[in-house]
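# Structure at a glance
These are the residues of each chain, in order.
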Amino acid sequence: MKARAARRRTALVSLVRAFRDAAAALPDALVAIDDERRIRWFNTAAGRLLGLTWPDHLGHRVDEVVAIPGIREWIASGGAESLPDVTAPGDAEVHLGMRLIPYADDHALLLGRDISQVLRLEKVRRDFVANVSHELRTPLTVVHGYLDLIEPEQIPEYESILRELRNQSRRMTQIVEDLLTLSRLDAEDALPETRVAMGPLLRTLMRDAEGLSRGRHEITIEATSEHDLLGSPKDLYSAFSNLVSNAVRYTPVGGRIAIAWQTDTNGGRLAVRDTGHGISPQHLPRLTERFYRVSTSRSRETGGTGLGLSIVKHVLQLHGAHLEVHSEVGAGSTFACIFGAERLLPPEPLCEEA
Ligand SMILES: Nc1ncnc2c1ncn2[C@@H]1O[C@H](COP(=O)(O)OP(=O)(O)OP(=O)(O)O)[C@@H](O)[C@H]1O
Ligand SMILES: [Mg+2]
């Protein structure tokens, strides 16, 4: 019996060692912490990337010895959201994605994955799109310019071909412009912040909608707030007008479109509501992906590329805001931009004459 127990113990110890050795060999930083955030164990990569020394740092509070800005608050909040891009305290060349994984009785694993290569590839992709779009701009302008010189009516046998060439070159120019806008937004950490006067902006959006609709829809403004927004006027206009043009494009003749602006103590909400085709639920999570279109044939018919909502998402992100979409097939859609209260500016007092 005793001999069997001893054999079992030896087997168990070697199993535990094997697990530790495997975890120690991981290229990702791994730190096991207890319920008081004290370090119980860490692997070689954690020593190198997080600047920990074995065994000196064992028993220390992880948020006191790992120099990552905001780590204390992050762990205190439960770390449900990962920290997406952190410079490794032990090696400034390395970027880490940090996650906190809870296990048994308030213990947790702090995991730091080396994401430098992913970020490098992401940058290569962004630069590639920006460069190609930029290079395409000049030849397209030339093609477009020449096509504009020819009046299709003057050459009746090529009239339809010329019109189609014009349409397609206009469309290509729009795609290139949209890609350049996305590249610019991608590279930006913040946008200029000034007062965005909502009254005039809503009226411009309404005029745009009427221009696109040409009397085919009933368009209204529902503004219950006098507040303005703090942000980049050009980019917010571009985002909102994308929503408005979608509402017009994807709503059949006779439909209704409302542009609404309302605020309360929690923040502001700019919504574009339509009684159009609607979108089925499986498409909703993917709408803001680049080039994503729900019905390719309908979008092609209406000249859509699938970049509009991607631009909306980026612009909102840079304003700390987000997009909410409610839609029902056959009934219509609401696209709402939700802004935090810190983005709201009370109406400017009217200048009193001296
Ligand atoms: N109000 C809406 N009603 C119904 N479908 C919509 C609405 N808004 C967007 N969609 C669907 O979402 C897709 C993506 O919209 P998005 O604005 O990104 O691209 P797009 O309109 O096709 O092209 P563009 O790049 O010119 O905006 C559209 O192709 C359309 O299928
Ligand atoms: Mg669109």
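Everything below is about the structure printed above this text.
Summary of the structure given here.

Basis of the calculations
- Residues numbered from 1 in each chain as written.
- Chains lettered and ligands numbered in written order.
- Predicted model: local features only at pLDDT ≥ 70, side-chain atom pairs only at ≥ 80, totals over all residues.
- Heavy atoms only, no water.
- Pairing = 2+ DSSP bridges.
- Helix = DSSP H or I, 4+ residues; strand = E, 2+ residues; numbered from the N terminus.
- Near = heavy atom within 4 Å.
- Polar contact = N/O pair within 3.5 Å; in protein donor to acceptor, adjacent residues only side chain to side chain.
- Areas by Shrake-Rupley, 256 points an atom, 1.4 Å probe, with all protein chains shown as cover.
- Nonpolar A, V, L, I, M, F, W, Y, C, P; charged D, E, K, R; others polar.
- Buried < 20%, exposed > 50% of the residue type's maximum accessible area, 1.4 Å probe, protein only.
- Lys, Arg positive; Asp, Glu negative; His and termini not counted.
- Salt bridge = Lys/Arg side-chain N within 4 Å of Asp/Glu carboxyl O.
- Contact = heavy atoms within 4.5 Å.
- Axes fitted to C-alpha atoms, helices over the stretch in contact; angles between N-to-C directions.

## A few points about the sheet that holds strand E13 (residues 344-345)
The strand order across the open sheet formed by three strands is E6-E8-E13, and the pairing between neighbours is antiparallel. Each of the sheet's edge strands pairs with one partner strand only, and the pair in question is strand E6 (194-196) and E13. Here E6 pairs with strand E8 (residues 228-231) via three bridges, running antiparallel. Counterpart to Arg195 in the pairing with E8 is Leu230.

## Points about the site of ligand 1
The environment of ligand 1 is made up of 19 residues, and the closest members are Asn246, Asp274, Thr305, Leu307 and Leu309. The side chain of Asn246 places a nitrogen or oxygen atom 2.8 Å from an oxygen atom of ligand 1. One of the backbone N or O atoms of Val294 is found 3.2 Å from an oxygen atom in ligand 1. Its free accessible area being 600 Å², ligand 1 has 96% of it covered by the protein chains. If you list the elements that add at least two residues to the shell around ligand 1, you get helix H8 (233-249), helix H10 (308-318) and strand E12 (332-340). With three residues, H8 is the single largest residue contributor to the shell around ligand 1. For the shell around ligand 1, the class distribution of residues is nine nonpolar, seven polar and three charged.

## A short note on the side chain of Asp28
Tracing the backbone through its elements, the reader meets Asp28 in the loop between helix H1 (2-25) and strand E1 (29-33). Buried and unpaired, Asp28 has Arg113 as its nearest opposite-charge partner, separated by 4.4 Å. Aside from chain neighbours lying at most four places away, what touches Asp28 is Asn43, Ala45, Leu111, Gly112, Arg113 and Asp114.

## Digging into the sheet that holds strand E7 (residues 218-223)
One open sheet accounts for five strands, arranged E7-E9-E10-E12-E11; its pairing is mixed. With one partner strand each, in any of the chains shown, E7 and strand E11 (322-328) form the two edges of the open sheet. Ignoring strand direction, the axes of neighbouring strands in this sheet form an average angle of 10 degrees. Pairing between strand E9 (residues 256-264) and strand E10 (residues 267-274): eight bridges, direction antiparallel.

## Quick word on unusual backbone geometry
Glycine aside, negative phi is the norm for most residues, and most peptide bonds take the trans geometry. Note that the residue after Trp54, namely Pro55, is joined by a cis bond; omega there is -5 degrees. Here Pro55 is to be found in the loop between helix H2 (44-50) and helix H3 (62-65). Unlike most non-glycine residues, Arg214 shows phi in positive territory, near 45 degrees. Since its relative accessible area comes to 67%, Arg214 is described here as exposed.

## Concerning the pattern of salt bridges
Under the criterion given, the structure shown has 18 salt bridges. We note a salt bridge from Arg37 to Asp63, for which the minimum N-O separation is 2.7 Å. Of this pair, Arg37 sits in the loop between E1 and strand E2 (39-42) while Asp63 sits in helix H3, and the two are 26 residues apart along the sequence. The partner of Glu193 in a salt bridge is Arg343, and the shortest N-O contact between them spans 2.8 Å. Here the residue Glu193 occupies a position in the loop between helix H6 (159-187) and E6, and Arg343 occupies one in the loop between E12 and E13, the gap between them amounting to 150 residues. Among the ionic contacts, a cluster of salt bridges with common partners joins Arg37, Arg61, Asp63 and Arg72.

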